[in-house]
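Structural features, examined
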Amino acid sequence: MYFDNAEGPVFRPPSEAHSFILRVTVGCSHNACTYCNMYKSVQFRTRPMNEIMDQIHAAKPYAMHIRRIFLADGNALVLATDKLLAILDALARTFPRLQRVACYAGPRDMLQKTPAELAALKAAGLKLVYYGLESGDDVVLSRVNKGVTAAESIEAGQRIVAAGIKLSVMIIAGLGGKEHSARHAANTARVVNAIRPQMLSALTLMLYRGSELLEQFESGRFAPLSPAEIMGELYELVSGIDLPPAEHCLFRSNHISNHIALAATLPKDKDRLLDDIAAARKELAAVTDWDPYNNVE
């Protein structure tokens, strides 16, 4: 649900399907990742408070039904902390049954917030941050132009966790292609272990029209993984995740990009999840007519 006619497309995580989508920015401030075309059609801008308040006022008649709010577009934490706090205050005053405010966040924006600023945002109602880690490998991160190193990715995630804000980390299976699959799996697991997020989502690489990565594939510079190879990589990645026994990390692969929907709680269900992945790999290995263009959107 959203009340806005600003330019550009609107995206949200699967778990925000029933949330009020409040667009506090338009587009993505980084907007340079080679695999992504989500915001290529729109010029990034932050929204002035009057545009944000207009959306809040439009949603006010539904206030008794709104329990979750998602701050869009690509990385709401790019906004100044004072502005975010003013937005969170307006939401708390307008929606009496509000339980959670969430947002996407880019690693650079996470790193620019001090621990005190993140603590203030948490106290004001920011309960969940979705972080597109994508990979924990320096080579892969550089090739896809993520804009950060693995070490910076770890620091960004740890800042959110330390502030007491729930962190949902997203990774992309297949992002390193055939050439870098092994290192992508091993190093992404290492980074997840260092961050220790409360939620972990595995997406599957898709080649989007208008993206640089699709051009690399079509020119022979990138070799994507088959569905069975994706499952093999995911098996290695999950095998490398080693979280403390007392922790609970919800693992999901329920994005539209995924070949198989998987669900588990790590580390408790790790062995069962690995069995499920192995079974999926065996099932997908029987597919003989797979075409890389099946993954082009």
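These numbers were taken from a predicted model, which means no experiment stands behind them. (Residues numbered from 1 in each chain as written. Predicted model: local features only at pLDDT ≥ 70, side-chain atom pairs only at ≥ 80, totals over all residues. Heavy atoms only, no water.)

Looking now at the side chain of Gln 55. Summarising the element assignment, Gln 55 is placed in helix 1 (residues 49–59). Overall, the relative accessible area of 1% leaves Gln 55 in the buried class. Discounting chain neighbours no more than four positions away, the residues touching Gln 55 are Phe 3, Asp 4, Phe 20, Ile 21, Leu 22, Arg 23 and Arg 47. (Helix = DSSP H or I, 4+ residues; strand = E, 2+ residues; numbered from the N terminus. Buried < 20%, exposed > 50% of the residue type's maximum accessible area, 1.4 Å probe, protein only. Contact = heavy atoms within 4.5 Å.)

Let's shift gears to the side chain of Glu 134. Looking at the element boundaries, Glu 134 is found in strand 6 (residues 126–134). Engagement of the side chain of Glu 134 in a polar contact is seen with the side chain of Lys 146, the distance being 3.4 Å. (Polar contact = N/O pair within 3.5 Å; in protein donor to acceptor, adjacent residues only side chain to side chain.)

This brings us to the sheet that holds strand 10 (residues 263–266). The strand order across the open sheet built from 8 strands is 1-4-5-6-7-8-9-10, with neighbouring strands paired in mixed fashion. Strands at the two margins of the open sheet, each flanked by one partner only, are strand 1 (20–23) and strand 10. Each neighbouring strand pair of the sheet contributes to a mean axis angle of 20°, computed without reference to strand direction. Across 4 bridges, the pairing between strand 4 (residues 68–72) and strand 5 (residues 100–105) is parallel. The residue of strand 5 that forms the bridge with Leu 71 is Cys 103. Packed on one face of the sheet, helix 2 (residues 81–94) meets strand 1, strand 4, strand 5 and strand 6 and runs near 155° to strand 4. This element, helix 6 (residues 150–162), spans strand 6 and strand 7 (166–173) of the sheet and lies at about 165° to strand 6. (Pairing = 2+ DSSP bridges. Axes fitted to C-alpha atoms, helices over the stretch in contact; angles between N-to-C directions.)

With that settled, the discussion passes to the packing of aromatic side chains. To describe a pair of aromatic rings, you give the distance between the ring centres and the angle between the ring planes. Under the criterion given, the structure shown has 7 aromatic pairs. Among the aromatic residues, ring-to-ring pairing joins Phe 3, Phe 20, Tyr 62 and Phe 95 into one connected group. (Phe/Tyr/Trp six-rings, centres within 6.5 Å; stacked < 30°, edge-to-face > 60°.)

This part covers the environment of Ala 90. Relative to the elements of secondary structure, Ala 90 occurs in helix 2. On a C-alpha basis, the gap between Ala 90 and Ile 52 in space is 10.0 Å, while along the polypeptide they are 38 residues apart. Leaving out residues up to four positions away in the same chain, Ala 90 has contacts with Met 53 and Ile 56.

Scanning all chains against the criterion turns up 18 salt bridges. A salt bridge links Lys 178 to Glu 229, with the nearest nitrogen and oxygen atoms 2.6 Å apart. Taken together, the positions of Lys 178 in the loop between strand 7 and helix 7 (181–195) and Glu 229 in helix 9 (residues 227–240) put the pair 51 residues apart, joining distant regions of the chain. With relative accessibility at 43%, the residue Lys 178 sits in the partly exposed group. The exposure class assigned to Glu 229 is partly exposed, which follows from its relative accessible area of 33%. Here Arg 272 and Asp 269 are joined by a salt bridge, their closest N and O atoms 3.6 Å apart. (Salt bridge = Lys/Arg side-chain N within 4 Å of Asp/Glu carboxyl O.)

Moving on to helix 2. Quick reminder: α-helices carry 3.6 residues per turn. Residues three or four places apart thus point the same way. Helix length check: helix 2 (14 residues) gives 20 Å between terminal C-alpha atoms against 20 Å at 1.5 Å per residue, within 8%. Along helix 2, the residues classified as buried are Thr 81, Leu 84, Ile 87, Leu 88, Ala 90, Leu 91 and Thr 94. The inward-facing, buried residues of helix 2 abut strand 1, helix 1, strand 4, strand 5, helix 4 (115–124) and strand 6. (Expected span 1.5 Å × (residues − 1).)

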